[in-house]
Amino acid sequence: MALDVFFLDRKDKMDYYAFDLLSYFAGILDGEGCIAIGKNVNRFGHQGYNYALYLSVGNSKEALIDFLLAKFGGSVSYRKPSGQRKRDFWVWSLLGREAEELLKAIRNFSVCKKEEIDVVLRFRSTFFEPGANQHTIGMLDALKIREECFIELQRLHNKDRN
């Protein structure tokens, strides 16, 4: 990740640039972004689902998307004009642990998506880093929490549409 967000939860080490950058990104995410949990059928013949955290921002201004890519890493996809959308459209995205770390760093700056951030941080707490003590929560409990978070995030998205 271009910006080392791992130290940014300690205010004594946060410089003004990082503070401004994170608060700016929180505003972009609140207005133009999407926080999602993807759920797919397990492809390897096992029962159950695979879950993943997705963070994305879509915009018709390529410069904004290039800025996000340069500052936070991730990936960019392009969408041609189609249907009612008459302009080019770019989508910046960040996944998994990197998305989690960025959301932790901006949580206190968010106005509109703080509840969503809390849900996905709970979701991500069920994932284990290689070599970590995995006995604190069982796999069945982890899958249950992931499904609860998936449903809760959908509820929050639907609430925002009404």
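Below is a summary of the structure that appears in this document. (Residues numbered from 1 in each chain as written. Predicted model: local features only at pLDDT ≥ 70, side-chain atom pairs only at ≥ 80, totals over all residues. Heavy atoms only, no water.)

### As for the overall build of the chain
Part 1 of the argument: Per the secondary structure count, the chain includes five helices and four strands.
Part 2 of the argument: Counting from the amino terminus, helix and strand elements in the chain follow one another as α-β-β-α-β-β-α-α-α.
Part 3 of the argument: A burial count over the chain gives 37% of its 162 residues as buried.
Part 4 of the argument: By sequence separation, contacts in the chain at least 24 residues apart represent 60% of the contacts at least 6 residues apart.
Part 5 of the argument: Summing over all exposed atoms, the chain offers an accessible surface of approximately 10,100 Å²; the carbon and sulfur share of this is 52%. (Helix = DSSP H or I, 4+ residues; strand = E, 2+ residues; numbered from the N terminus. Buried < 20%, exposed > 50% of the residue type's maximum accessible area, 1.4 Å probe, protein only. Contact = heavy atoms within 4.5 Å. Areas by Shrake-Rupley, 256 points an atom, 1.4 Å probe, with all protein chains shown as cover.)

### Some details on the nonpolar core
Part 1 of the argument: One finds F25, L55, W92, L102, L103 and I106 to be the most contacted residues of the largest nonpolar core, which totals 34 residues.
Part 2 of the argument: Those elements that place two or more of their residues in this core are α1 (16–32), β1 (33–41), β2 (49–59), α2 (62–72), β4 (89–95), α3 (96–106), α4 (114–124) and α5 (139–161).
Part 3 of the argument: Sort the elements by how many residues they give to this core and α1 lands first, with six residues.
Part 4 of the argument: With residues near it in sequence (within four places) discarded, I106 still touches L22, F25, A26, L29 and I117. (Core = buried A, V, L, I, M, F, W, Y, C linked by side-chain atoms within 4.5 Å.)

### Concerning the packing of α3 against α4
Part 1 of the argument: At their nearest, the axes of α3 and α4 sit 10 Å apart, and the two run at 135 degrees to each other. Judged by the angle between their axes, α3 and α4 are oblique. At the point where α3 passes α4, the crossing takes the left-handed sense. Across from G96, R97, E100, L103, K104 and I106 in α3, the residues of α4 making contact are I117, V120, L121 and R124.
Part 2 of the argument: Class assignment of the residues belonging to the contact of α3 with α4 gives a composition of five nonpolar, one polar and four charged. (Axes fitted to C-alpha atoms, helices over the stretch in contact; angles between N-to-C directions. Parallel < 35°, antiparallel > 145°, perpendicular 65-115°, else oblique. Left-handed = near helix turned anticlockwise from the far one by under 90°. Nonpolar A, V, L, I, M, F, W, Y, C, P; charged D, E, K, R; others polar.)

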